[in-house]
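Each chain, letter by letter, is given below.
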Amino acid sequence: MSILECKGLCKSYKAGVPVLQNMELSIPKGKIVGLLGPNGCGKSTLIKIVAGLLVPNSGGVLVDGTPIGEATKAMVSYLPERTYFNSWMRVHELIDYFADFYEDFDAAKAYRLLEDLSISPGSRLKTLSKGTKEKVQLVLVMSRRAKLYLLDEPIAGVDPAAREYILGTIVGNYDPESTIIITTHLITDVEQVLDDFVFVSRGGQILKQGSVEEAREENGCSLDALFREVFRCSESC
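Note that the structure is a prediction, hence the values are computed from the model and not measured. Chains are numbered independently. Their residues run from 1 in the order of the written sequence. Confidence filtering applies because this is a predicted model: local features only for residues at pLDDT of at least 70, side-chain atom pairs given and counted only at 80 or more, and all residues used for totals across whole chains, interfaces and linings. As a rule here, side-chain values cover all heavy atoms of the structure and leave hydrogens and water aside.

1. Quick look at the sheet that holds strand β1 (residues 2–12)
Okay, so step 1: When DSSP finds two or more bridges between a pair of strands, those strands are recorded as paired. Runs of E in the DSSP output that reach at least two residues are strands. Runs of H or I that reach at least four are helices, and both are numbered from the N terminus. Strand order in this open sheet of four strands is β2-β1-β4-β5, and the pairing throughout is antiparallel. Looking at strand neighbours, the two that pair on one side only are β2 (18–28) and β5 (66–67), the edges of this open sheet.
Okay, so step 2: Inspection of the sheet shows β1 paired to strand β4 (residues 58–63) by five bridges, in the antiparallel sense. If you follow Cys10 over to β4, its bridge partner there is Ser58.

2. Quick notes on unusual backbone geometry
Okay, so step 1: Although it is not a glycine, Ser118 adopts a positive phi angle of roughly 60°.
Okay, so step 2: Its location among the elements puts Ser118 in the loop between α4 (107–116) and α5 (130–142).
Okay, so step 3: With a relative accessible area of 69%, Ser118 lands in the exposed category.
Okay, so step 4: One non-glycine residue, Glu153, adopts positive backbone phi at about 50°.
Okay, so step 5: Looking at the secondary structure, you find Glu153 in the loop between β7 (148–152) and α6 (160–172). Only protein chains enter the area calculation, which uses a 1.4 Å probe; residues under 20% of their type maximum are buried, those over 50% are exposed, and those in between are partly exposed.

3. Details of the confidence of the model for the chain
Okay, so step 1: A residue's pLDDT is the confidence the predictor assigns to it, expressed on a 0 to 100 scale. Predicted confidence across the chain gives a mean pLDDT of 89, with 98% of residues reaching 70 or more.
Okay, so step 2: For the chain, per-element mean pLDDT is lowest for α6, which scores 77, and highest for β5, which scores 95.

4. Things to note about the pattern of salt bridges
Okay, so step 1: Basic side-chain nitrogens of Lys or Arg form a salt bridge, by our definition, when they fall within 4 Å of a carboxyl oxygen of Asp or Glu. As enumerated under the stated definition, the model contains nine salt bridges in all.
Okay, so step 2: Lys29 is the salt-bridge partner of Asp64, the closest N and O atoms lying 2.8 Å from each other. In this pair, Asp64 sits in the loop between β4 and β5 while Lys29 sits in the loop between β2 and β3 (32–36), placing the two residues 35 residues apart along the sequence.
Okay, so step 3: Residue Lys29 is classed as partly exposed on the basis of its relative accessible area of 32%.
Okay, so step 4: In this structure, a network of salt bridges that share partners links the residues Lys29, Asp64 and Lys147.

5. Considering the sheet that holds strand β8 (residues 179–184)
Okay, so step 1: Taken together, six strands build an open sheet; the order of strands is β6-β7-β8-β3-β9-β10 and the sheet is mixed. Each edge of the open sheet is held by one strand with a lone partner, namely β6 (76–79) and β10 (205–211). Between one strand axis and the next, the sheet turns through 15° on average, direction left out of account.
Okay, so step 2: Where β6 meets β7, four bridges bridge the pair, whose relative direction is parallel. Paired with Tyr78 across the bridge in β7 is Leu150. Lines fitted to C-alpha atoms define the axes here, with helix axes fitted over just the stretch in contact, and angles between the N-to-C directions of these axes take values from 0 to 180 degrees.

Right, dumping it as structure tokens:
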């Protein structure tokens, strides 16, 4: 069973340059999946389409068998690449906001995660470091009872210690019946938490997809090394 299906998905921005071109993709349920590729390959565009923030030019997208719309927004919890909260807000105000906006939001879980991460609910965002802001945003996203979590570059721009916290929070609060898609170019850092991977080249073309463990066994190398080899071959062809 697939949680996400893309059929002939196309998306272009200004000047008609295609970002996604006839993308064909199927993501299974109950996995942590790395959507991996260089900057500009369409990872964030795909995530925004699935989250219902962008409309494709053509092609279809299904989340749990349902076309993108109001019904799928209730299934999807989205972590954008950049923090979008107002800096004057306090953390507990954000929790109240999410609790009012999302029926599936678990405020008790959010407070528990904040305590685990030693983040005070009374803190204003403007007083927090970049890494701590990233943790707060992740806590809010992971405190929803969603079927599909879309995490766009959750560890980019933060220090290694913060990356460990963030990845630990993802894995430690993962519902095995849900699916998590993580976009990143920091493969070495995220490889440890992934079940499956998808290598995406420019234009949204899928170069390789499968199980991380099986790929390591078959190729005798890390996922990061395999990524470099696949893209080196792709660029030389």
